[in-house]
Amino acid sequence: MAQQQAKMPQGKIPKGVRLPNQKLEGKTVKRLLSYLLKHKVTIIVVAVCIILSSLTNVASSVFLQLLIDDYITPALGSTNPVLTGMAKLIITMIGIFLVGIVSSYLYMRLMGVMSQKILKEIRDEMFEKMQKLPIKYFDTHSHGDIMSHYTNDADTLRQMLSQSLPQMFSSIITLAAIIITMIITSWQLTLVVAVFLALMLIAVKKVTGKSGKYFMAQQESLGNVNGYIEELINGQKVVKVFNHEEKAKEEFDKKNEELAQNAFKANAFASSLMPMMGNIGYMLYVVLAIVGGVVAVGTGAITLGAIASFLNLSRSFMQPISQVSQQMNMVIMAMAGANRIFTLMDEEPEVNDGYVTLVRAKIDGDKITECKERTGTWAWKHPHGDGTVTYTPMKGEVVMHDVDFSYVPDKPVLHDIDLYAKPGQKIAFVGSTGAGKTTITNLINRFYDIDDGKIRYDGININKINKVDLRHSLGIVLQDVNLFTGTIMENIRYGKLDATDEEVIAAAKLANADGFIQMLPDGYNTMITGDGGSLSQGQKQLISIARAAVANPPVMILDEATSSIDTRTESIVQAGMDSLMKGRTVFVIAHRLSTVKNSDVIMVLEHGRIIERGTHQQLLEQHGKYYQLCTGAFELE
Ligand SMILES: Nc1ncnc2c1ncn2[C@@H]1O[C@H](COP(=O)(O)OP(=O)(O)O)[C@@H](O)[C@H]1O
Ligand SMILES: [Mg+2]
């Protein structure tokens, strides 16, 4: 397969290789410059050092000419040559070289430090941005691909900043100095060089132009490969259980192949450059020697030293050119990475334009006043267009009216959802998997915005409520439990960062998690790593219930919160849950009907519609779907 590709004609896009349609834009360059310009002083010092070190390079050729024409040639004819002048010249040369070495060391160091600083800033910005992205972004981008913005893309950028840019700058300065020296030494020979230079520039442009899009494609495929690896690491157990190793490898091979093809293409262009440059360089050398010889012999306009120095210059002339063209590839690759980084930074953030905020309040009869101290009472502060501000006590009333919703446009998931949850009520959702239960709760906390209809929270349209405050007032136990690296104590405290140890333990007791936590060797200080791999699913659920409980919110959403807990433990948890739910509006989603039986309202969902609603008793009397569920005539899933 690899051999087949090697034979593929260059410039033709191999089948199955997706080329990204973004172009390398001046915008990306400008934006990168804005990061560099924050380090103006460093850049000036670096530029001076680069110029110094480049000039010392060129100086050696000039000194060669001086050495030959002023000292060696006269000394050849003389029987008693004076060597003091020559010694002085050589000492000066050593001094110049020392300056060159010190300045190269200095600029490389400075650039290294500066590029790390810029990278840190970029990573910070990316992470901050990532925290602001809507849930939708993570629905549509693989985690590995997002990760590779921080790893591969950032790394190519670092390499460019710390290596390619200074090298290119140094090459260009060297080149300029060489060209000037050439013109001074001999304009005739410079003309010859100019012709070759034009030839080379055409070649470089052709090559780098072609490889650019492949470097972009290479970065993209790298993201794909990373995404796949990440997915497979997470699903390693599933892969093994279903003996999918072969299939997984096949799929990986495909993605890896695409990456290899793009990398191959990109580098095929790039690596054809070096030998090409080398050959042109040799030709130039020969042509210069011939032309120089003819001019020297024919007109005497050029000295021997000038020709030697010129030949030397032409050697050092080739080096910066091939360096620039080589670094060009690095730059293009880094630009592709930068482009991806900036695309992430430019993603639409989750809008949070809600102006109704949550404030601590004192309630005195009908009068609500805002206050700074902790009162345990909260109110919604609602500024109006006419400058007045009203306060509404936070009670935890949730009303949905004719709500329609779709994750993907034109594929509705929820239809005409109506619900009325009075403060302190327990509302249950039952229905088969995929009926839309989780989706309803996603709308209450505004992970997603509805297409049509209204959701009111304490009588306020939730679109007007500041999202941070809205989520602050909701305690949510998500269907998928996520624990973070840290102790159990810290994981529970995630629900309320300023909770004391006592509050955390009280919440754990309420959720009935205290029992098993005490049994762990380190108790509450047990470290959790890798999403709590060493805990059972049920234990993880108990921790996440405690996490929601510690915040003491007026509204709780429990999405299958007890699904992995055995029935016996559940009846214990149930007791805790009942006290947890007391005085709060609670939305419960549960498979076990025993959990939902005592709810104030049970809603039966099917294909995104509420088909039945009522209390356990009422629904049983209806002899509908719920009745079937209870009598076992129909089972969930
Ligand atoms: N992020 C998403 N993007 C697109 N469709 C989704 C997403 N999440 C859920 N769905 C779809 O919405 C429907 C309802 O899902 P969900 O509310 O999770 O069901 P339930 O919680 O009742 O099992 C399902 O058909 C599911 O495929
Ligand atoms: Mg669900």
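Right above here is the structure, for reference.
A short tour of the structure in this document, coming up.

### So, the coordination of the magnesium ion (ligand 2)
Move 1: Listed as protein donors to the magnesium ion (ligand 2) are Thr438 (OG1) and Gln479 (OE1); their distances from the metal cover 2.0 to 2.3 Å. Taken together, the residues Thr438 in helix α11 (residues 437-444) and Gln479 in the loop between β10 (474-477) and β11 (486-487) connect sequence positions 41 residues apart.
Move 2: Judged by its relative accessible area of 26%, Thr438 is partly exposed.

### Some remarks on the layout of surface pockets
Move 1: In this structure, the second largest pocket occupies an estimated 510 Å³ of space.
Move 2: Forming the walls of the second largest pocket are 25 residues, and the residues nearest its centre are Leu33, Leu36, Met160, Leu161 and Leu165.
Move 3: With 7 residues, the single largest contributor to the lining of the second largest pocket is helix α6 (residues 143-185).
Move 4: Residues belonging to the lining of the second largest pocket are distributed by class as follows: 23 nonpolar, 1 polar and 1 charged.

### A closer look at the pattern of salt bridges
Move 1: Scanning the entire structure with this criterion turns up 18 salt bridges.
Move 2: Here Asp346 ties to Arg31 by a salt bridge, and the two come within 2.9 Å at their closest N and O atoms. Of this pair, Asp346 sits in the loop between α10 (304-345) and β1 (357-364) while Arg31 sits in helix α2 (residues 26-36), and the two are 315 residues apart along the sequence.
Move 3: On the accessibility criterion, Arg31 (26% relative accessible area) is partly exposed.
Move 4: Notably, a salt bridge pairs Glu350 with Arg471, separated by 2.8 Å at the nearest N-O pair. With Glu350 in the loop between α10 and β1 and Arg471 in helix α12 (residues 467-472), this residue pair connects regions lying 121 residues apart in the sequence.
Move 5: What makes Arg471 partly exposed here is its relative accessible area of 25%.
Move 6: A single salt-bridge network, built from bridges that share partners, covers Asp145, Asp153 and Arg340.

### Remarks on the nonpolar core
Move 1: Counting 44 residues, the largest nonpolar core has Ile492 and Leu558 as the members making the most contacts within it.
Move 2: Considering each element in turn, this core owes the most residues, 7 residues, to helix α16 (residues 537-550).
Move 3: The residues contacting Ile492, other than those within four sequence positions of it, are Val504, Ala508, Ile517, Tyr524, Ile543, Ala546, Arg547 and Val550.
Move 4: Of all hydrophobic cores here, the second largest spans 35 residues; its members include Ile302, Leu313, Ile321 and Ile332.

Parameters at a glance
Residues numbered from 1 in each chain as written. Chains lettered and ligands numbered in written order. Predicted model: local features only at pLDDT ≥ 70, side-chain atom pairs only at ≥ 80, totals over all residues. Heavy atoms only, no water. Donors = N, O, S within 2.8 Å, 3.2 Å for Na, K, Ca; no water. Helix = DSSP H or I, 4+ residues; strand = E, 2+ residues; numbered from the N terminus. Buried < 20%, exposed > 50% of the residue type's maximum accessible area, 1.4 Å probe, protein only. 1 Å grid on protein atoms, 1.4 Å probe; cavity = no way out; pocket = protein on both sides within 12 Å on 5 of 7 lines; lining within 4 Å. Points joined across faces, edges and corners; volume = space filled by probe spheres on them. Nonpolar A, V, L, I, M, F, W, Y, C, P; charged D, E, K, R; others polar. Salt bridge = Lys/Arg side-chain N within 4 Å of Asp/Glu carboxyl O. Core = buried A, V, L, I, M, F, W, Y, C linked by side-chain atoms within 4.5 Å. Contact = heavy atoms within 4.5 Å.

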